[in-house]
Amino acid sequence: MSRARRSVFAPGVAALATLLLGGCLALRPVALGDRSLSVAGTSSGWLHRGARLADRGPHFERARPGEPTRGGVPGLVTALERASSDVEHAFPGGMPLRIGDLASPTGGRHSRHRSHRSGRDVDILYYLMSPTGVPVEPRGRVAFSRFGVAPDPETGEIVVFDDARNWQLVRSLLTDPSLEVQWIFCSRGVKSRLLRHALATEPDRALLARAAYVLAQPANAAPHDDHFHVRVLCTREETALGCRDVAPIWPWLRAARDPDEAADPYDDRHLLELLAAPPP
Ligand SMILES: [Zn+2]
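Overview of the structure. Keep in mind the model is a prediction, meaning the values are calculated, not measured. (Residues numbered from 1 in each chain as written. Predicted model: local features only at pLDDT ≥ 70, side-chain atom pairs only at ≥ 80, totals over all residues. Heavy atoms only, no water.)

In this section: the packing of helix 5 (residues 188-201) against helix 6 (residues 205-214). Put simply, helix 5 and helix 6 touch, their axes get as near as 10 Å, and they point 175 degrees apart. Classed by the angle they form, the pair helix 5 and helix 6 counts as roughly antiparallel. Together, K191, L195, A198 and L199 of helix 5 and R205, L208, A211 and A212 of helix 6 make up the contact between the two elements. When the residues that make up the contact of helix 5 with helix 6 are grouped by side-chain class, the tally is six nonpolar, no polar and two charged. (Axes fitted to C-alpha atoms, helices over the stretch in contact; angles between N-to-C directions. Helix = DSSP H or I, 4+ residues; strand = E, 2+ residues; numbered from the N terminus. Parallel < 35°, antiparallel > 145°, perpendicular 65-115°, else oblique. Contact = heavy atoms within 4.5 Å. Nonpolar A, V, L, I, M, F, W, Y, C, P; charged D, E, K, R; others polar.)

The next thing to look at is the layout of surface pockets. The volume enclosed by the largest pocket comes to roughly 520 Å³. In terms of lining residues, the largest pocket is bounded by 27 residues, among which S43, R114, S115, F185 and R231 are the most central. When contributions to the lining of the largest pocket are tallied by element, the ones reaching two or more residues are strand 12 (181-185) and strand 14 (227-232). A breakdown of the residues in the lining of the largest pocket according to their chemical character gives nine nonpolar, eleven polar and seven charged. Estimates place the volume of the second largest pocket at around 290 Å³. (1 Å grid on protein atoms, 1.4 Å probe; cavity = no way out; pocket = protein on both sides within 12 Å on 5 of 7 lines; lining within 4 Å. Points joined across faces, edges and corners; volume = space filled by probe spheres on them.)

A few words on the environment of F228. Here F228 is to be found in strand 14. Note on F228: relative accessible area 1%, which makes it buried. (Buried < 20%, exposed > 50% of the residue type's maximum accessible area, 1.4 Å probe, protein only.)

Coordination of the zinc ion by the protein is provided by H116 (NE2), D123 (OD) and H229 (ND1), with metal-donor distances spanning 2.1 to 2.3 Å. Taken in sequence order, the residues that donate to the zinc ion follow the motif H-x6-D-x105-H. The residues H116 and D123 share a single accessibility class, namely buried. (Donors = N, O, S within 2.8 Å, 3.2 Å for Na, K, Ca; no water.)

Next up, the structure:
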């Protein structure tokens, strides 16, 4: 959705237009009212009455406090707050989770991002620690190889990727009932570190398998060796009102949505569909 078009239609009116022009004669105008709605795609849509992440909470802080790129679907904002608390409770004494951009309050095009338009994307900096295991605050861009060690851009001191806290963050997001995570973009090196850590520590093996799907280095973007980019799916209600996901919808999520899928969620047909899906 271009800015020119959005300047003509207020977001709610544009959502209505999407519904009316959506090609389904059965659709009638829907009063969106106060409900939050992610509209269209993550690189083309916008956000109607999204939630706003506070500058800081008990266990998180925004990387750009005071700046307006804080809009998201309510489930995502809630999950970020909850995940940061989960990590602190599992591993007390850590630094606050540093959360980067979500979407503008009404979504749409953003100067720093191609996606981040419909409230379903968020950037999160990795948890870091010193070589002796003391949590340290991320300052500037710290890019990790698969070895999980990098120089602090300000001090030059070595910082280490905190496997335990970062896995706890992933685990919390993947198990949160308020959202369905489609992707957690990160570099291949970071993914392999997280899965290796989870293999040794994670009792829920199904969760480990899900993480192997969801953690991914994006095909047509930066490798994400310095932060996570989390993307969540439209809710079923949003989908009915014009929110659009791009494949894949993972087998366990389809099984949760449709009981008929539960019978064989991991068969060859699903695997082939996943392999045939276009890269993110
Ligand atoms: Zn991002």
